[in-house]
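# Coordinate analysis (summary)
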Amino acid sequence: MQKLLNEWRQYLEEGRRKGKRKRKRFTVEDVEQAVLKYKGSTIDGMDLGTLLRIVTDVETGSTFNPYAKNDLGYRGAFQLSADRAKGINPYNPYLAAERVIKSFVTVRNNLINKFEFIQPAIDTWGLPFFYYVTHQQGRTGAVRIFAAASGAEEKLPGKHLDGGTIKRMMGQNKGLAAQIKPLLIEQRNIRREIHKQGKNIEAAQDSNKDMQKLNKLKTRSKEIEKEIAVMFLKFFKPKMLKADRSAKSFINEQPRQSREPLKCTGCR
């Protein structure tokens, strides 16, 4: 009886395995094909295939691994966050590339013309780099970083470079985090002193000396935010330029697929 029972269990297990759909394992070649799918399509005059290649190059450290992960929970060849990957498999480079392109279109239509400091930032740092940062840090994070780097934090709702954005910036690279940390310690001490001076002014009702000190502290606090933002941008700009050269070489070497370039709604 036990023998029959064991045979029946084995039969059911084999049937379950055979009925189970085998999931495709994606490769570097799949990542390359996902990139080439957008060769010839443009946004703001830039080839979308080249932009995608830049993203996966920098984000995966030139491994182009479709199963890449990092400590912050970003996944896949294009390192999508959980929010960005909602509803898709982030390890599928074809779906992930499409999600990145949709994000670029949203940036093009809703961000570049919304803030007056964005265009000067693009003129300073370059359009491809701007798009890359919007992918890496998200649209809100990118706006805050470029605003801080431009000394335009006052034009943002929070009026400063928030802790969440700084945490994401530091999470991108341990070496960068080590450079930013001393500035954060100074910033924390300054904010404590600002709070203290504010209480002194309230108690004294009118104190020119305390007010002057408070203004100096606030000025230094803004300078630190700008230093952190510029440090972040300067850290990643050379990586992006290197990836840009590699991407253009890769795209130019590949034959054009026998199709018309994909139509990108909102691109121009």
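The following refers to the structure shown. Every value quoted in this text rests on a predicted model; they were computed, and no experiment measured them. Positions within a chain are numbered from 1, following the residues in the order the chain's sequence is written. At least 70 in pLDDT is required for a residue's local features to be given in this predicted model, at least 80 for side-chain atom pairs to be given and counted, and no such filter applies to totals for whole chains, interfaces and linings, which use all residues. Only hydrogens and water are set aside; all other atoms, that is, all heavy atoms of the structure, feed into the side-chain values.

Another point: the overall build of the protein chain. Where helices and strands are cited, they refer to DSSP runs of H or I of at least four residues and of E of at least two residues respectively, numbered from the N terminus. A count of helices and strands for the protein chain gives 9 helices and 2 strands. Taken from N to C terminus, the helices and strands of the protein chain fall in the order α-α-β-β-α-α-α-α-α-α-α. Expressed as a percentage of the 268 residues in the protein chain, the buried residues total 44%. The contact rule is simple, with two residues in contact once any of their heavy atoms fall within 4.5 Å. Of all intrachain contacts in the protein chain linking residues separated by at least 6 positions in sequence, the fraction that spans at least 24 positions is 65%. Per-residue accessibility takes into account occlusion by the displayed protein chains alone, with areas from the Shrake-Rupley method and a 1.4 Å probe. As displayed, the protein chain has an accessible area near 15700 Å², and 51% of this comes from carbon and sulfur atoms. Here the term buried applies to any residue with accessible area under 20% of the maximum for its type, exposed to any over 50%, and partly exposed to those in between, with areas from a 1.4 Å probe on protein chains only.

The subject of this paragraph is the environment of Leu 127. The topology assignment puts Leu 127 in helix 6 (residues 127–149). Expressed as a C-alpha distance, the spacing of Leu 127 and Asp 44, which sit 83 residues apart in the sequence, is 8.6 Å. When sequence neighbours within four positions are dropped, the list of residues in contact with Leu 127 reads Asp 44, Met 46, Ile 112 and Ile 122.

All right, on to the layout of surface pockets then. Here a cavity denotes grid points, spaced 1 Å and computed from the protein atoms alone, that fit a 1.4 Å probe unable to get out, and a pocket denotes an open set having protein on both sides within 12 Å along at least 5 of 7 lines; residues with an atom within 4 Å of a point are the lining. Grid points are joined across faces, edges and corners, and a volume is the space filled by probe spheres set on the points. Taken as a whole, the largest pocket holds about 420 Å³ of empty space. In this structure, the largest pocket is lined by 21 residues; those nearest its centre are Asp 57, Val 58, Glu 59, Thr 60 and Gly 61. Looking at the lining of the largest pocket, the elements with two or more residues in it are helix 3 (48–59), helix 6 and helix 9 (208–253). The element that contributes the greatest number of residues to the lining of the largest pocket is helix 9, accounting for 6 residues. Its residues placed into classes, the lining of the largest pocket shows 6 nonpolar, 10 polar and 5 charged. In this model, the second largest pocket occupies a volume close to 320 Å³. Residue lining of the second largest pocket: 19 residues in total, with Ser 81, Asp 83, Arg 84, Gly 138 and Arg 139 positioned closest to the centre. The residue classification treats Ala, Val, Leu, Ile, Met, Phe, Trp, Tyr, Cys and Pro as nonpolar and Asp, Glu, Lys and Arg as charged. All others, Gly included, are polar. Looking at the lining of the second largest pocket, its residues break down into 3 nonpolar, 9 polar and 7 charged.

It is worth spelling out the packing of helix 2 (residues 28–36) against helix 4 (residues 93–110) at this point. Only the stretch in contact is used when a helix axis is fitted, and all axes are lines through C-alpha atoms; the angle between N-to-C directions ranges over 0 to 180 degrees. At a minimum axis separation of 8 Å, helix 2 and helix 4 run at an interaxial angle of 35°. Between helix 2 and helix 4 lies a crossing of right-handed hand. The segment helix 2 lies against helix 4, with Asp 30, Val 31, Gln 33 and Ala 34 engaging Pro 93, Tyr 94 and Ala 97. Partitioned by chemical class, the residues of the contact of helix 2 with helix 4 number 5 nonpolar, 1 polar and 1 charged. Each crossing gets its handedness from the near helix: less than a right angle anticlockwise from the far helix is left-handed, clockwise is right-handed.

Take the packing of aromatic side chains next. For Phe, Tyr and Trp, where Trp contributes only its six-membered ring, two rings pair if their centres lie within 6.5 Å, and the inter-plane angle classes them as stacked under 30 degrees, edge-to-face over 60, or tilted in between. Here the structure, examined in full by the defined rule, presents 9 aromatic pairs. When the ring of Phe 235 is compared with that of Phe 236, the centres are 5.2 Å apart and the planes differ by 75°; the resulting orientation is edge-to-face. For Phe 236, a relative accessible area of 5% puts it in the buried group. When the ring centre of Tyr 67 is taken as origin, the NZ or CZ atom of Arg 25, which lies over that ring, is 4.2 Å away. Between Arg 53 and the ring centre of Phe 64, over which it is positioned, the NZ or CZ distance is 4.0 Å. Think of it as a cone above the ring: NZ of Lys or CZ of Arg counts as a charge over the ring if it is within 6 Å of the ring centre and within 35 degrees of the ring normal.

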